[in-house]
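# Coordinate analysis (summary)
One letter stands for each residue in the lines below.
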Amino acid sequence: MATKKAQTKAASVSSGNDMGAMWKWLYVAAILVASVAGAFGFQNAILAMVFAAIGLLVGLFYFDSSELMNFGLRFLIVTAAAGSLGVFPVVGVYLTGFFTAFAAFLGPVILGMVIMFFWKKYFGNM
């Protein structure tokens, strides 16, 4: 009997990890595609909305809202660095585009984390 309980618990943990892995790889893929598209100056309104939706969903369901301050600090650092990379003669335009798109993707992620932070703080104890 104890073996069945252990197998059931392992199966439920495994399905939770599968969703976590899916959100993680979706986040990594979206970061890479958005950043590379930004580096080469590709702009598309529909693609921007898709990345914003992915970022919001990843912020809601993947990241822990207790890490909001650390993640927000990383966002500010990337945003500040993106504006200063244009000083490099040949690759400055590409680096600026890459990190600007990277920061633009992180914005909706942080918005999702803020929503979850306030939801847990004010409605989590119901």
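Before going into details, it helps to say that this report is about the structure given with it.

Rules used throughout
- Residues numbered from 1 in each chain as written.
- Predicted model: local features only at pLDDT ≥ 70, side-chain atom pairs only at ≥ 80, totals over all residues.
- Heavy atoms only, no water.
- Phe/Tyr/Trp six-rings, centres within 6.5 Å; stacked < 30°, edge-to-face > 60°.
- Helix = DSSP H or I, 4+ residues; strand = E, 2+ residues; numbered from the N terminus.
- Contact = heavy atoms within 4.5 Å.
- Salt bridge = Lys/Arg side-chain N within 4 Å of Asp/Glu carboxyl O.
- Buried < 20%, exposed > 50% of the residue type's maximum accessible area, 1.4 Å probe, protein only.
- Core = buried A, V, L, I, M, F, W, Y, C linked by side-chain atoms within 4.5 Å.

A few words now on the packing of aromatic side chains. Considering all chains together, one arrives at 11 aromatic pairs under this definition. Chaining the aromatic ring pairs together yields one cluster made of Tyr27, Phe51, Tyr62, Phe63, Phe71 and Phe105.

For the rest of this paragraph, the subject is the side chain of serine 35. Following the sequence through the fold, serine 35 ends up in helix α1 (residues 2-39). Ignoring sequence-local partners within four residues, the contact set of serine 35 consists of Gly97, Phe98, Ala101 and Phe102.

Before going further, it helps to examine the pattern of salt bridges. One pass over the structure, following the stated rule, counts one salt bridge. Among the ionic pairs, aspartate 64 bridges to lysine 120, the shortest N-O distance being 4.0 Å. A residue pair is termed long-range when its members are at least 10 positions apart, and aspartate 64 in the loop between α2 (45-61) and α3 (68-84) and lysine 120 in helix α4 (residues 92-123) qualify at 56 residues. For lysine 120, a relative accessible area of 44% puts it in the partly exposed group.

On to the nonpolar core, then. If you look at the biggest cluster of nonpolar residues, it comprises 19 residues, and the most contacted ones within it are Tyr27, Phe63, Phe71, Phe105 and Val109. Among the elements of the structure, α1, α2, α3 and α4 are those that each provide at least two residues to this core. By residue number, the principal contributor to this core is α4, which donates seven residues. Excluding its chain neighbours within four sequence positions, the residues that come into contact with phenylalanine 63 are Tyr27, Val58, Phe71, Val109 and Met113.

Keep in mind these numbers describe shape, not what the thing actually does.
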